[in-house]
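Summary of structural features
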Amino acid sequence: RDTSVTGVQTCALPIWLEDRVTERSAEIDRQRALLEAVLEQNPLGIAIVDETEQVVLANAEAERVLGGAGALSQVQGYRREGSPYDGEWPALRSLRSGELVFGERARIVRADGKQAVVEINSGPIRDGAGRTVAAISVFRDVTLAEQRERAEREFVSNAAHELRTPLAAIVGAVEVLQAGAKDDPAERDRFLAHVERQCRRLERLTAALLTLARVQTQAEPPRLEIVELCPLFHEVAQSLHPAPRVSVVVDCPSDTAVFANRVLLEEAVLSLAVNAMKFTLRGSI
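Only a predicted model underlies this, so the values are computations on that prediction, with no experimental measurement involved.

How each quantity is defined
Residues numbered from 1 in each chain as written. Predicted model: local features only at pLDDT ≥ 70, side-chain atom pairs only at ≥ 80, totals over all residues. Heavy atoms only, no water. Helix = DSSP H or I, 4+ residues; strand = E, 2+ residues; numbered from the N terminus. Buried < 20%, exposed > 50% of the residue type's maximum accessible area, 1.4 Å probe, protein only. Areas by Shrake-Rupley, 256 points an atom, 1.4 Å probe, with all protein chains shown as cover. Phe/Tyr/Trp six-rings, centres within 6.5 Å; stacked < 30°, edge-to-face > 60°. Lys NZ or Arg CZ within 6 Å of the ring centre and 35° of its normal. Contact = heavy atoms within 4.5 Å.

Scanning the protein chain from N- to C-terminus turns up seven helices and ten strands. Out of the 285 residues belonging to the protein chain, those deemed buried represent 29%. Entry remark: accessible area of the protein chain is about 18,200 Å², with carbon and sulfur atoms responsible for 56%.

Spelled out as structure tokens, the structure:
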């Protein structure tokens, strides 16, 4: 029918077809809303880089980590061994050469100066003809996991260092006893007492290391209590055996106390005292 002065002919759609188009449009809108929700609420960062190496799509997590950079070349980042990326980000390598990247870790320095360690996966996006038209990068913030792993490595190193001293003392005492000191009652008792002290030291040290490991890996919160310092200092002082011309002095008000984990506090004070004993040849500790 003619509905305008221009003579353009229009045709009314059947009601059933209008309903079908309306339902289809509503379904498309619903799917788009679901896709946007999944993209924005995803804990993984998702970014797409086009042929011009510009970031054309980034969800909220990607913007948080990348700092809203329009291009990956604007992001300051370093490989795990410390070398800078200098334009060789995984997504750009996927875009240029079609490289697939899995689980590559990088340290990103954001515009506000804060740093994050991310685990990156990336790959090319190709059209129907197989030509690479974009690249997608999916990354996960593993900063806390990296910190825990570093704490575990440091823990193992520190544990080996701390355990070496009492073990060496025990081995030395046993060698002296085997060399003949065991036949002298006085010497035998002296070295056996030394071995006992070092065994007690190992016992305390092991308990402290286990407690520290549980705290560092967040397996359990530290158990805090009120610790009187004067008795603790006296216990530490009595366990020390410095050089002949060195004295150990405890100067602490009797009513002083702290709120701490006793095992870790005792180990910290004892470690300081033992180091002082090693490097003090005369005077007082």
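Time to look at the packing of aromatic side chains. One pass over the structure, following the stated rule, counts one aromatic pair. Where Tyr85 meets Trp89, the ring centres are 4.3 Å apart and the plane angle is 15°; that geometry is what we call stacked. A single burial state applies to Tyr85 and to Trp89, both of which are buried. In this structure, Arg190 packs its charged tip against the face of Phe191, placed 4.6 Å from the ring centre.

Following the sequence through the fold, Leu95 ends up in helix H3 (residues 90-97). According to the relative accessible area criterion, Leu95 is buried, its value standing at 10%. In sequence terms Leu95 and Gly123 are 28 residues apart; their C-alpha atoms lie 7.6 Å from each other. Non-local contacts of Leu95, meaning those with residues more than four positions away in its chain, are made with Val49, Asp50, Glu51, Glu53, Thr132, Val133, Ala134 and Ala135.

With that settled, the discussion passes to the side chain of Arg93. Mapped onto the secondary structure, Arg93 falls in helix H3. In contact with Arg93, not counting residues within four places along its chain, are Tyr85, Glu88, Gly98, Glu99, Val101 and Glu104.

In the Ramachandran plot, Glu53 falls in the positive-phi region, its phi being about 65° despite a non-glycine side chain. Residue placement: Glu53 occurs in the loop between strand S1 (45-50) and strand S2 (55-58). On the accessibility criterion, Glu53 (26% relative accessible area) is partly exposed.

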